[in-house]
Structure formats: C-alpha cells, structure tokens
Amino acid sequence: MTALVAAKQLALPGRLEPTDLYLQAGQLTCLVGPNGSGKTSLLHAIGRIGGPKGEVSIAGIDPAKVPPSRRGHMLSYLAASRDIAWPLIAHDLVALGQPEDVSPARIAETLSLFGLDSLADRRVDRLSTGERSRLLIARVLAADATLLLLDEPIANLDPLWQLRLLDHLRSMLWGANRAVLVAMHDLEMARRYADRLLIMNEGRIVADGEPAALLASDHITAVFGIVPSASGWQPSSPEDPRS
Amino acid sequence: MKQWTPLLLVAVLAALAVSLALPWAPLAPLWQRDPALAQAIIVELRLPRALLALFYGAMLGASGAAIQAMFANPLASPDLTGSTSGAALGAVVAAYLFGFASPFALAFGAVAGALGALGLLLLLAGPKAETATFLLAGIAISALAGALTTLALALAPSPFAFYDAYQWLMGSLIDRSLGQAAFAAIPATLAIVLLLRFAGPLDTMVLGEEVMQSLGHKIGRLRLWVVCLTALGVGACVAVCGAVGFIGLVAPVFARRIVRGHPGRAILPAALIGALLLVSADLLTRSAPIGRSLPLGVITALLGAPFFLWLVAHMRWSLSR
C-alpha cells in the first residue's frame, strides 16, 4: 500500500532534524511530545511553512506546485495561535483563503456543524478564545482537504467540543482518501482516537506505533518524565528525570 | 461594496468638477470676454491642482489600506510608518544637492527616503510587531526623519533655499504644471493598480503568516512588493506636492466599513475615499476667509489629528468592553 502523504528528509535548521514520514489514507495520526520538542516544526515542514528542506508529496503531487487558489483542497493547516486581531466578521473569517470552488452553502454548513450559527455575524476580535478556536477549526475543515495538519486543535475547547471535533475527524476519515496529523498534549484523547502515535523529542521522532502500546512503553517516561498511576499520569520522580 | 464603488466614483468626479469650477466669480465674466484665457486658467492652473489632489489622495488612501493590511494593524499608515517623513527628508536632501527645479532628483530622493523609512521600520519593529512596538518604531523613525529634515533646513545653503524647502514641506498643490502632475500621477496610478492585484493575499494576512504560507502565498515577496509600491507612489507624490498627512490613516477606516472589514479589499474604496478627501481638503484651503490660501498639509493635519485621537479612544473603548 503506497502512502497518501510522503515526506522525505524534512528539516528545519535548529528545530527539526532530518525526518522521513509517511501517512496512510484513512488514518488519524497523533503527534505528542514535550514543549519545544518540534511538533509544530514538523507540521510546518509538511505544510511548507518557513522554508523547510526536503520533499513532500500529497497524493503524488508536491503542494508547493499547487497555486493558492487550489491549495486548500490539498492541505489545510490550523495554527496553534488563535489570535486574530483584525475586526473581521466571523462568517467572513471562515470563508477567507478558501479554494475558489468552496460554496457559500458549504461555509454555512461548516459553521452550523460547529455550533457557530449564532456567532456568524459577530466580530472575531470580540469572541472568546474557545469560540475563535471553533471558528478557525471550521475554516480549516470547510475545504475537505486531503491532508489536515492541526496544531493543538482541542486546546481551548470545552470537553463537549473536544469530543465532537475528534469524532468529526474520525468520521471524515471513514473510507476517505484523506489523512489527519494532529499535534496535542492530551495522551488519553490520543489513546482513544488515534490510529497511530508519534512521540517527538528534541526535534526527532523517537517512537512511532500503535497508541496503546506506545503509551504503555518506557518512551513516555523517558520523554515526558511521567508514569501511569491509578488516577491517571503522575510525575515519575519529584525531580524532572530528564534534567 | 458593489453599490458603493460607483457612488464613490461619482462623488470623486463631482468633487473634481467643483474643484475645477471654483472660484466661479472671476471665471464667469472672463468666459464671456476671453474664452481662450478662461480655458487656459482651467487647463493650466486648475486642472494640475485638481489632478494632483485626486492622485495624491488616491495614492495615500490605497497605500494606507495596503500598509494596514500588511502589518495587520488598523493604525498603520504612510505617516505613522515614517514613509511620508522619510520621503520628505529624501526630497529635501535631493533638493539641496540638485535644486527644487529638478523633478527627477526630487522624486528619486523622495522614493529613496520612503523606502529607507519603511525598511528601517521592518527592521526595527519586525514583520509582525504588536501595535505598541509598531507605533513606537514608526514614531521614532518619523521623529528621526523630522529632526534630520530640520537639520537640513538649518544648514540651508541660502535663505531662498530655506524658504523653498519650508513652503514645499507644508504640502501644496499650487503652481504645479500638468507635466508635474503627470510626474506624480503616473507612478501613483501604477502603484495603485499593482497594489490592487495583491488585495486577495492581503485579505488572508488576517489569518497569520503561517496559514498564509500553508496556502502557498510568498510572504517575503508580498511585503517587498507592498513596501516598494507604496514608497514609489507616495514618494513620487511627495516629490511634487510635499508631505500631506493623515489621509492614509483616515481613508481606509471608512473604506473598511464598505467591505465588511476586509483589509485587502479595502484598497480600492480607500483610494476613492482618499481622492475625495484630498480634493475636498484642497477646496477648503481655497475657501478660508483670510484672503490667501492655507497650506494643504496643515488642513489635513488639523482635520486628521482629532480623527486619529477619536480612533484611539474608540479602540480603547471597544477593547475594554
């Protein structure tokens, strides 16, 4: 089976060591790692953000060769920052930067999927961070991209919307020629929703495999300095074992 | 937006017609007596002035909107980024070296000054500065350019050179030829038309640089284009008419009301509103009841500064809600 997304020798100097990564169609891959381990850099390198080295192909095509008017169908990227300082209307923000053939009906449909109907006419800079998050997620999902790169999509969301978003991502992947790569910190959500888990540390992927198996392995303790306990995770020792 | 553009266009053309016709009192009897002379007054005296107001205003409006979109900052404008004062400094230095009669030297100096100021701002404040950093850097650059301009005035080679430079600095559209008007209008038109091509990408600047790059936009190239085009257009206009403030700040604020806040799409209406504002301001300079016309730069500053204060107060108020 050939990979839907093939990234070879990706690197961002000082932030991401040369990395190969292949993503299969229909899979939700979770990227976990401590702060500063290179999760965002890996997403950037695949999304051709910040002039990365290496090659990326999505369904056989180099995204850099696809013009902005159609790129949104190929890959869609959610930035970790939810700051939008400009006084734009919520509905218009979701429609911004979409491929030319994304219809107004599709925008409306995506807005209502994320419970944003009542906010559609409000100014973005006056919404709460969580509401703005949902809006930006709706923007990313509206174009039905082949590859979704989501940087901490469930941060700022309340528990209900965290579940709804991840359920929705799963349903989008069902039988579709699509892959989702999500960077996040919630290990339990990763266990529950991911098909595949990547653990990053110091700019490298240090473990790659089935979530439940990896979460039970020594990698978690080595990378995060935590161990499983009856009540969830806890620090493996009073001092940070990594230091 | 679709209904507004023709409306604005009609308003601009009407203001232009009024600007050509007023003052009517000396013109009407002359038209009876010597139509050729009346026509010469309109074509050679009034038309350059009206056209300069039109193109300079449009350039300031469009570049204000483009700079605000590029910095994702609704308080940016050619004056606050120091490009107007940079252009003025460049032109004064060029004028001392080559004389005020040499339009090429003036234009070259002004464009170089504007480019220098914008480049320095990008260097000082960084490409994605916060409002405060950005405004402080802009104020610092404006102050530096202003101080250097004053120094240049103090070192004027002769009292005549000082007077020429001082009067030119206050901004004036009077006594310019059609050739000079073309000298400002052609680069300004070129700059506005090219800026309009970037309206779409400038809209998406709202989403942040990372998302823009993921969409395939080349941020560095976009910035360079906007900086060079605004410096070219504003520089050419400053070279002919001197520094005129605040239009670049005020016009986009109104323009965005028409385009639901989209920063890039505001470029066209901002150009039209800028033209309307400057043609109207020029009409005001002529109708002051003091027997002589007022400096244009003073009028726009007197009207624009209170507006800027209102804008800051309004932003504080809306942020505190």
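Details of the structure are given in the entry above.
Residues numbered from 1 in each chain as written. Chains lettered and ligands numbered in written order. Predicted model: local features only at pLDDT ≥ 70, side-chain atom pairs only at ≥ 80, totals over all residues. Heavy atoms only, no water.

Colleague: I would appreciate a short explanation of the overall build of chain B in the present structure.
Modeller: Counting its secondary structure elements, chain B contains 14 helices and 0 strands. Order of helices (α) and strands (β) in chain B, N terminus to C terminus: α-α-α-α-α-α-α-α-α-α-α-α-α-α. At 20 Å, chain B has a C-alpha radius of gyration in line with the 20 Å of a compact globule built from 321 residues. Overall size of chain B, expressed as C-alpha extent along the three principal axes, is 70 × 50 × 35 Å. By residue count, 55% of the 321 residues in chain B fall in the buried class. The contacts of chain B with a sequence gap of at least 6 include a subset with a gap of at least 24, amounting to 76%. Total accessible area on chain B stands at roughly 14,300 Å², and carbon and sulfur atoms take up 73% of it. Treating the 18 positive side-chain charges of chain B as one cloud and the 10 negative ones as another, the clouds have centres 9 Å apart. (Helix = DSSP H or I, 4+ residues; strand = E, 2+ residues; numbered from the N terminus. Rg over C-alpha atoms; globule rule 2.2 N^0.38 Å. Buried < 20%, exposed > 50% of the residue type's maximum accessible area, 1.4 Å probe, protein only. Contact = heavy atoms within 4.5 Å. Areas by Shrake-Rupley, 256 points an atom, 1.4 Å probe, with all protein chains shown as cover. Lys, Arg positive; Asp, Glu negative; His and termini not counted. Charge placed at Lys NZ, Arg CZ, Asp CG, Glu CD.)

Colleague: Where do I start with the sheet that holds strand 4 (residues 53-58) of chain A in this structure?
Modeller: Adjacent strands of a sheet form backbone hydrogen bonds with each other and so pair up, either parallel or antiparallel. All names here are of chain A. Taken together, 3 strands build an open sheet; the order of strands is 2-1-4 and the sheet is antiparallel. Pairing within the sheet leaves two strands with one partner each, and these edge strands are strand 2 (16-23) and strand 4. Taken over all neighbouring pairs, the strand axes of this sheet differ in orientation by 15 degrees on average, direction set aside. Taken together, the 5 bridges between strand 1 (residues 5-12) and strand 2 define a ladder with antiparallel strand orientation. What sits directly across from Ala7, in strand 2, is Leu21. Sheet strands in contact with helix 1 (residues 39-46) are strand 1, strand 2 and strand 4, and its direction is about 120 degrees off that of strand 1. (Pairing = 2+ DSSP bridges. Axes fitted to C-alpha atoms, helices over the stretch in contact; angles between N-to-C directions.)

Colleague: I tried to follow the state of the cysteines on my own but got confused; where do I start?
Modeller: In protein chemistry, a disulfide is the covalent bond that joins the sulfur atoms of two cysteines. Applying the stated criterion to the full structure yields 0 disulfides over all chains. Summary of cysteine pairing: B:Cys241 is not part of a disulfide, and the nearest cysteine sulfur, belonging to B:Cys237, is at 6.2 Å. (Disulfide = S-S within 2.5 Å.)

Colleague: Help me out: how do you make sense of the pattern of salt bridges in this one?
Modeller: Side-chain pairs of opposite charge can arise where the charged atoms are in close proximity. Residues and elements named next belong to chain A. Inspection of the entire model under this criterion finds 12 salt bridges over all chains. A salt bridge links Asp62 to Lys65, with the nearest nitrogen and oxygen atoms 3.9 Å apart. For Lys65, a relative accessible area of 69% puts it in the exposed group. Among the salt bridges present, the one from Arg123 reaches Asp125, with a minimum N-O distance of 2.7 Å. One connected set of salt bridges, linked through shared partners, spans Arg106, Glu109, Asp144 and Arg178. (Salt bridge = Lys/Arg side-chain N within 4 Å of Asp/Glu carboxyl O.)

Colleague: Looking at this structure, I do not really get helix 5 (residues 129-141) of chain A. What am I missing?
Modeller: Since the α-helix turns once every 3.6 residues, residues separated by three or four places project in the same direction. Taking 1.5 Å per residue, 13 residues should reach 18 Å; helix 5 of chain A reaches 18 Å between its end C-alpha atoms and fits that length. Most of helix 5 of chain A sits inside the fold, with 11 of its 13 residues counted as buried. Turning to helix 5 of chain A, its buried residues number three or more, namely A:Gly130, A:Arg132, A:Ser133, A:Arg134, A:Leu135, A:Leu136, A:Ile137, A:Ala138, A:Arg139, A:Val140 and A:Leu141. Turning to helix 5 of chain A, the residues buried within the fold contact strand 5 (75-78), helix 3 (90-95), helix 4 (104-113), strand 6 (147-151) and helix 6 (159-173) of chain A together with helix 10 (209-214) of chain B. (Expected span 1.5 Å × (residues − 1).)

Colleague: Could you clarify how one ought to interpret the interface of chain A and chain B in this entry?
Modeller: Note on interface size: it is often stated as the accessible area lost on association of the parts. On the side of chain B, 24 residues touch chain A, which itself brings 24 residues to the contact. Taken together, the two surfaces of chain A and chain B that pack against each other cover about 2,000 Å², and 61% of this comes from carbon and sulfur. The largest per-residue losses of area from chain A upon contact with chain B belong to A:Pro68, A:Trp86 and A:Leu96, which jointly make up 33% of the total buried on that side. Connecting chain A to chain B are 1 salt bridge. For B:Arg260, the salt bridge identified is with A:Asp92, shortest N-O distance 2.8 Å. At the level of elements, helix 2 (68-74), strand 5, helix 3 and helix 5 of chain A are the ones that each hand at least two residues to the side of chain A that touches chain B. Per-element tally for the side of chain A that touches chain B: the top contributor is helix 3 of chain A, with 3 residues. Residue classes in the side of chain A that touches chain B are distributed as 13 nonpolar, 6 polar and 5 charged. (Buried area = accessible area lost by both parts, 1.4 Å probe. Nonpolar A, V, L, I, M, F, W, Y, C, P; charged D, E, K, R; others polar.)

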